[in-house]
There are 2 protein chains.
Amino acid sequence: MTSQQLAVKVAINSWKSVVERVGKKFSALTEDQLLKEVAPGKNRLIYIWGHLTAIHDAMFPILGLGPRMHPELDDIFVANPDKARQLPSASELKKYWHEINGKLLSQFESIAPDEWLLQHHAMSEEDYAKDPTRNRLAVLISRTNHASYHLGQAMLAAK
Amino acid sequence: MTSQQLAVKVAINSWKSVVERVGKKFSALTEDQLLKEVAPGKNRLIYIWGHLTAIHDAMFPILGLGPRMHPELDDIFVANPDKARQLPSASELKKYWHEINGKLLSQFESIAPDEWLLQHHAMSEEDYAKDPTRNRLAVLISRTNHASYHLGQAMLAAK
């Protein structure tokens, strides 16, 4: 394995481990448990799960991996706060979560190590020229941190 | 910049941005605000701050950067849960946080890109031979996720 392959593999492993923890945590909750708030007056568990699902779905076009699978989730879980919209059922969300993250992971493995260092698709050529660290690998690491952030919140409402 | 340098720089940037958010969040709180729980019956903000400080301090020996600055924090913030020990004051913690994270960041910049892919110091040669992704870069990315996880919790208690 080259150094470059190794560095990318470390970042993908980290993503994989956080996504697995999130999937395991939320999949184990009942519909009723998912309706609990993580702290008084804060987001419900189901909203956080849907939010992570929508944000991960948006990684397909950002990473140049093709169109989104469920763009309709954005209005519910990104553009609007919790309790503003009718939410999908827990079983639908579970299906979306596994579809989206399964496909992402298999596509990650098809990206060559050097391609991870290329510009991502949510920025201009000009900005990338100024700052080459704004690449695909940065998107992967940033979304892993985002999932960890919300996982920490979800763990508070546990049981 | 080589690909390898770029990959390491992306990971350090991510660490830096999360550490800055954590520092800004906790440093802005009063002693009273720091005594609030992040959710009913959960850790207090000051405990989470101390916990992150202790875990970051432990990165010096794990990454081969020399001895810890404040090993005494482990008993209070890692080995024991919140409310089991007398805690340092907010102003002491703030000082430790900035000392530890300032020194870590400056030392990160002295590690050559290839050295980030070497075995970290909390594992045996034998385990590293089996799995070379258990390297220093993996420790950096994992601790960044850990900080994001607790930052997400701290944000719930905000204001």
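Residues numbered from 1 in each chain as written. Chains lettered and ligands numbered in written order. Predicted model: local features only at pLDDT ≥ 70, side-chain atom pairs only at ≥ 80, totals over all residues. Heavy atoms only, no water.

A. Region of interest: the pattern of salt bridges. Residue and element names in this part refer to chain A. Evaluated as defined, the whole model comprises 14 salt bridges over all chains. One salt bridge in this structure joins Asp57 and Arg68, with 3.0 Å as the shortest N-O distance. Placement of Asp57 in helix α3 (residues 45-57) and of Arg68 in the loop between α4 (59-62) and α5 (73-77) is noted, with a sequence separation of 11 residues between them. Neither residue differs from the other here; Asp57 and Arg68 are each classed as buried. Note that Lys95 is salt-bridged to Glu99, the shortest N-O span being 3.7 Å. (Salt bridge = Lys/Arg side-chain N within 4 Å of Asp/Glu carboxyl O. Helix = DSSP H or I, 4+ residues; strand = E, 2+ residues; numbered from the N terminus. Buried < 20%, exposed > 50% of the residue type's maximum accessible area, 1.4 Å probe, protein only.)

B. Main features of the interface of chain B and chain A. Counting from both sides, the interface comprises 32 residues of chain B and, opposite them, 32 residues of chain A. Interface area, chain B with chain A, both sides summed: about 2,600 Å², of which 68% is carbon and sulfur. Interface area lost by chain B to chain A is led by Val10(B), Tyr149(B) and Leu156(B), which between them contribute 24%. Counting every contact that joins chain B to chain A gives 0 salt bridges. Viewed at the interface, chain A and chain B are joined by 13 residue pairs in polar contact (both at pLDDT 80 or more). With 12 residues, the single largest contributor to the side of chain B that touches chain A is helix α8 (residues 136-156) of chain B. A per-class count over the side of chain B that touches chain A returns 17 nonpolar, 11 polar and 4 charged. (Contact = heavy atoms within 4.5 Å. Buried area = accessible area lost by both parts, 1.4 Å probe. Polar contact = N/O pair within 3.5 Å; in protein donor to acceptor, adjacent residues only side chain to side chain. Nonpolar A, V, L, I, M, F, W, Y, C, P; charged D, E, K, R; others polar.)

C. Inspection of the confidence of the model for chain A at higher detail. Predicted confidence across chain A gives a mean pLDDT of 94, with 99% of residues reaching 70 or more. In the model output, the complex is listed with pTM 0.96 alongside ipTM 0.95. (pLDDT = per-residue confidence, 0-100.)

D. Representation of the packing of aromatic side chains in the model. According to the stated counting rule, one finds 8 aromatic pairs over all chains in the structure shown. Aromatic side chains Tyr47(A) and Phe77(A) sit 5.7 Å apart centroid to centroid with 50° between the ring planes, which places their arrangement in the tilted category. Highlighted residues: Tyr47(A) in helix α3 and Phe77(A) in helix α5, separated in sequence by 30 residues. Residue Tyr47(A) is classed as buried on the basis of its relative accessible area of 7%. Take Phe77(A): its relative accessible area is 0%, and that puts it in the buried class. Geometrically, the ring pair formed by Phe108(B) and Trp116(B) is edge-to-face, given 5.3 Å between the ring centres and 70° between the ring planes. (Phe/Tyr/Trp six-rings, centres within 6.5 Å; stacked < 30°, edge-to-face > 60°.)

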